[in-house]
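Residue strings, one per chain:
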Amino acid sequence: VSFEKPVVIFEDRHESSPGVFVERQSTTTKLTVTAYGGPNGGTLDVQIGGGLREVPGSDPRPTEIGAQEKIEWVAYCEATNASPCANGAFATVTFTDLESGETDSTTANATAVEVEIRENQSAPEGNCPLRHVYGVRETIQCWQLPTSPQLTWMVTGDGSNYWTGVINKYFCPLQPENNPIKASIGDVEYTPLISVIPPQNVQAMDARRKNYGPHPNEAGWVGMEFEYYVLPKYVSFSGIAIEEVPCQEGMHDGHFSNPYFSNIWAHTRANGAGRWHDVGADNLFATDSAQIGEAIPKIRPDGQVTFDTDGEWTNGNISWNMPFGWNEKGTRGETPQVDTFAEHVRQDMAIFFDGRSGVRKFTHQLVRTTNDVFTLNGVVIP
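Keep in mind the model is a prediction, meaning the values are calculated, not measured. (Residues numbered from 1 in each chain as written. Predicted model: local features only at pLDDT ≥ 70, side-chain atom pairs only at ≥ 80, totals over all residues. Heavy atoms only, no water.)

Student: Please explain the overall build of the protein chain as it appears in this structure.
Tutor: Counting secondary structure elements, the protein chain contains zero helices and 37 strands. In terms of C-alpha radius of gyration, the protein chain reaches 34 Å, well past the compact-globule figure of 21 Å for 382 residues. Projecting the C-alpha coordinates of the protein chain onto the three principal axes gives extents of approximately 120 × 35 × 30 Å. Across the 382 residues in the protein chain, those meeting the buried criterion constitute 47%. For the protein chain, the proportion of contacts with a sequence separation of at least 24, taken over those separated by at least 6, is 67%. Accessible area of the protein chain: about 17,700 Å², with a carbon and sulfur share of 48%. Between the mean site of the 27 positive side-chain charges and the mean site of the 48 negative ones, the protein chain shows a separation of 8 Å. (Helix = DSSP H or I, 4+ residues; strand = E, 2+ residues; numbered from the N terminus. Rg over C-alpha atoms; globule rule 2.2 N^0.38 Å. Buried < 20%, exposed > 50% of the residue type's maximum accessible area, 1.4 Å probe, protein only. Contact = heavy atoms within 4.5 Å. Areas by Shrake-Rupley, 256 points an atom, 1.4 Å probe, with all protein chains shown as cover. Lys, Arg positive; Asp, Glu negative; His and termini not counted. Charge placed at Lys NZ, Arg CZ, Asp CG, Glu CD.)

Rendered as structure tokens:
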């Protein structure tokens, strides 16, 4: 009796992302049993255990062998659980002579090695410690049981790995990648199904108005603050930094088409863009604002702007997209992004003929009247 490969590597059933389960995955080893019936023939008893079983659908185990008969039975074995120790898995074949009752047993040994992929840091949401979906620059723990024979963890793409005690850790790359590592021993290899994903969106939470004090009979002076979280939250992005990408204003219409307003609120470093923010453990990376932090002038019939009564406000809007970018945690200055995301995020600034003014970003909108009445997302607020 013999195993073709002395090691089987497997992963047990696990939750790869919140609510998504993957069944046990295992390599296999070929088991060969050769028996001779001798002058009398006899019975055969084949026992497989210690973490191994036949792959479902294998040929039935032989139970009898005739006199002078020689048989060969082949089955493929997979893991059901980790072996208790190295060479703890076994296949034992016992022949019992039909007349004398004498027995002869032979055992072959192997090891069923369980690998387990674990998060190094909990994601903000999901409670999924064995997840197989990770954010760029996350760290993954790679465990095995039993610890001998020791597997070799190899990086098949970008990223890097290192040992801390008996744990191999893999440091995910800055770019998305699938199945970036594999475990091996000898010619036995196992590749966990891992996805490394980029930031996909930004969530603006806890919207509130900025307080510029009273400015009666003036338009403008309207702004919101909120907390920025990078999504999805079922992975951790605490290994990266994020910035709002600097950009010029987009479409100007109506009141704001006057040349006075050309790029007056361009999204530059001076106005908060192009500044890197390290992402925290909860995927929070910044407190930011959308605002018109000044008075909006009126326009006279000759096209000149004025803050006197000889001009008027008319309806107008400025809108532009404000994508985000990411790079390594600790990135500062004008370092370019690895890539951008959330290109759909839009900011609008508006003025109305009666002096109402407003800002809108993400799903939040704040409007102010000239007598300091504020409406946030349709609700009047103090």
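Next, the rest of the story.
Student: Where do I start with the pairing of strand β24 (residues 240–244) in this structure?
Tutor: Residues in a regular strand point their side chains to alternate faces of the sheet. Here β24 lies mainly inside the structure; five of its five residues are buried. Residue alternation in β24 divides its side chains into two sets, Ile240, Ile242 and Glu244 and Ala241 and Glu243, and both sets are buried. Judged from the two bridges that link them, β24 and strand β26 (residues 277–278) form a sheet pairing that is antiparallel. Counterpart to alanine 241 in the pairing with β26 is aspartate 278. (Pairing = 2+ DSSP bridges.)

Student: How should I be thinking about the pairing of strand β3 (residues 14–17) in this particular structure?
Tutor: Where β3 meets strand β4 (residues 20–22), three bridges bridge the pair, whose relative direction is antiparallel. Bridge pairing links glutamate 15 to phenylalanine 21 in β4. Where β3 hands over to β4, the hairpin turn is made up of two residues, of which glycine 19 adopts a positive phi near 85°.

Student: I keep staring at the packing of aromatic side chains and nothing clicks. Help me out?
Tutor: We describe a pair of aromatic rings using the distance from one ring centre to the other and the angle between the two ring planes. On inspection of all chains with the given rule, the structure shows 14 aromatic pairs. With a centroid separation of 5.6 Å and 40° between ring planes, the pair formed by tyrosine 228 and phenylalanine 285 is classed as tilted. Separated by 57 residues along the polypeptide, tyrosine 228 in strand β23 (residues 220–231) and phenylalanine 285 in strand β27 (residues 284–295) bring together distant segments of the chain. Judged by relative accessible area, which is 0%, tyrosine 228 ranks as buried. Geometrically, the ring pair formed by phenylalanine 256 and phenylalanine 261 is edge-to-face, given 5.0 Å between the ring centres and 80° between the ring planes. Taken together, the ring pairs connect Phe226, Tyr228, Phe285, Phe324, Trp326, Phe341 and Phe362 into an aromatic cluster. Stacked on the ring of tryptophan 143, the Lys or Arg arginine 118 has its end atom at 3.9 Å from the ring centre. (Phe/Tyr/Trp six-rings, centres within 6.5 Å; stacked < 30°, edge-to-face > 60°. Lys NZ or Arg CZ within 6 Å of the ring centre and 35° of its normal.)

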